[in-house]
Amino acid sequence: MKLGVVGLPNVGKSTLFNAITGAGAQAANYPFCTIEPNTGVVAVPDERLSVLDEMYHPKKVTPASVEFVDIAGLVKGASKGEGLGNKFLSHIRECDAIVHVVRCFEDENIIHVDGSVDPARDMETISLELIFADMETVQKRGDKAAKMIKTGDKKYAFEADLAARMLRHLESGAPARTFPATDDEAAVIRDWFLLTVKPVIYAANIAEDALGTDEDSIPFLKSVREKAAAEGAEMLVISARIEEEIAVMDPEEKQEFLEDLGIGESGLDRLIKACYRLLGLISFLTAGEDECRAWTIKKGTKAPQAAGKIHTDFERGFIRAEIVPFDTLRELGSMAACREKGLIRSEGKDYVMQDGDVTLFRFNV
């Protein structure tokens, strides 16, 4: 999973990204890895791995991971190549989802690029740049399809009509992800690689002293919530400054600090979980003395394709999957106890994997 962190200057985007990469450096079992100066990989929080670690004492524990990309260079006119616009847009195309950091705090020491704090306006600025870029893409695809209609192939007439309707939708200021498409239309739209098709989480960055208070009492949040709902996007309230502080704490100190604030979970943990929900992702688990590991798959993935995440040979030579739900394994304490009670299921090629399935794949190549 690759998430692009975007936002206007001075909204807390870099602070949040630095906190995220700091948290990655603190992940005990998943060393932080800097792929590029603006890219960081962090572990997906999963308490189930801690239980498996206690149970198996493996040589290593490997959580699923998320890659964050700090996407810089946005200014008004980015869709036309202003500033680092083209680089900004190409980086977004490579991401699975967008984390849009929105400033929801006043601070006279931090100048806003537009002179005042207005989350709805800031959200609109970035949203429109992405829509403008998509309008250009759709226009080109529509023109190309229209020229090919004379070949007599009905798919070109279909695409030209779809492009015309999508263009009208974008011109109204709505993102492509809210376009009401049939399955056939959605398949064509996927091939256009539009920016505003990507799921968005709005990270409303509030002041440090506002975290843990009644959200209805925090200025600006209402406009963020309303705009997110209108776009079919998710919203998460976060304090980049707090994330920066807890990123350098040890686990016990961090948990105590979060409980004192009345929030229980870090913003990073909540952000990753929200992205999983948004992208329709789940994790299955493998466990043994060599390694306990979480594997990320899409909801609806069948057993052979899940096996293929581990190794292509597992999918090619798939025989069956031996599965026990994590909660059952935790309750009984061992695979042997589960097997003794007949609670390990043998599933075939049509089995749809469930979140938390502890799995052993049988295969023959």
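Basis of the calculations
- Residues numbered from 1 in each chain as written.
- Predicted model: local features only at pLDDT ≥ 70, side-chain atom pairs only at ≥ 80, totals over all residues.
- Heavy atoms only, no water.
- pLDDT = per-residue confidence, 0-100.
- Contact = heavy atoms within 4.5 Å.
- Phe/Tyr/Trp six-rings, centres within 6.5 Å; stacked < 30°, edge-to-face > 60°.
- Helix = DSSP H or I, 4+ residues; strand = E, 2+ residues; numbered from the N terminus.
- Lys NZ or Arg CZ within 6 Å of the ring centre and 35° of its normal.
- Buried < 20%, exposed > 50% of the residue type's maximum accessible area, 1.4 Å probe, protein only.
- Pairing = 2+ DSSP bridges.
- Salt bridge = Lys/Arg side-chain N within 4 Å of Asp/Glu carboxyl O.
- Patch = residues over 30% accessible without salt bridge, like charges linked within 9 Å, V, L, I, M, F, W, Y side chains within 5 Å.
- Areas by Shrake-Rupley, 256 points an atom, 1.4 Å probe, with all protein chains shown as cover.
- Lys, Arg positive; Asp, Glu negative; His and termini not counted.
- Charge placed at Lys NZ, Arg CZ, Asp CG, Glu CD.

A. Just the confidence of the model for the protein chain, in detail. Mean pLDDT for the protein chain: 86, with 89% of residues reaching 70 or above. Between residues 24-37, whose pLDDT stays under 50, and residues either more than four places distant or in other chains, the model counts 24 contacts.

B. A look at the packing of aromatic side chains. Taken as a whole and judged by the stated rule, the model has four aromatic pairs. Ring centres of Phe284 and Phe361 lie 5.8 Å apart, and the angle between their planes is 85°; on these two criteria the pair is classed as edge-to-face. One end of the pair, Phe284, is in strand β9 (residues 281-286); the other, Phe361, is in strand β13 (residues 357-363), and 77 residues separate them in sequence. Through a chain of ring-to-ring contacts, the aromatic side chains of Phe284, Trp295, Phe318 and Phe361 assemble into a single cluster. Over the face of the ring belonging to Trp295 we find Arg293, whose NZ or CZ atom lies 4.0 Å from the ring centre.

C. Summary view of unusual backbone geometry. At His57, a residue that is not glycine, the phi angle is positive and equals roughly 45°. Residue His57 is classed as exposed on the basis of its relative accessible area of 59%. Within the chain, Phe193 stands out as a residue other than glycine whose phi angle is a positive 50°. Inspection of the secondary structure puts Phe193 in the loop between α6 (183-190) and β7 (200-205). Given a relative accessible area of 61%, Phe193 falls into the exposed group.

D. A look at the pairing of strand β5 (residues 65-70). The pairing of strand β1 (residues 2-6) with β5 spans four bridges and is classified as parallel. In the sheet register, Lys2 faces β5, and the bridge partner there is Glu67. As judged from the five bridges shared by strand β3 (residues 39-43) and β5, these two strands associate in the antiparallel manner. In the strand pairing of β5, Ala43 is matched with Ser65.

E. Layout of the pattern of salt bridges. The tally for this structure, following the rule as stated, stands at 27 salt bridges. As a salt-bridge pair, Lys2 and Glu94 come within 3.6 Å of each other at their nearest N and O atoms. You can see Lys2 sitting in strand β1 and its partner Glu94 sitting in the loop between α3 (85-93) and β6 (97-103), a full 92 residues away along the chain. Among the ionic pairs, Lys273 bridges to Glu265, the shortest N-O distance being 2.4 Å. For Lys273, a relative accessible area of 33% puts it in the partly exposed group. A cluster of three or more residues bridged by salt bridges with shared partners is formed by Glu124, Arg177, Lys227 and Glu231.

F. Inspection of a negative patch on the surface at higher detail. Among the surface-exposed residues, Asp250, Glu252, Glu253, Glu256, Glu259 and Asp260 lie close enough to one another that they form a single negatively charged patch. Within the fold, Asp250 resides in the loop between α8 (240-246) and α9 (251-261).

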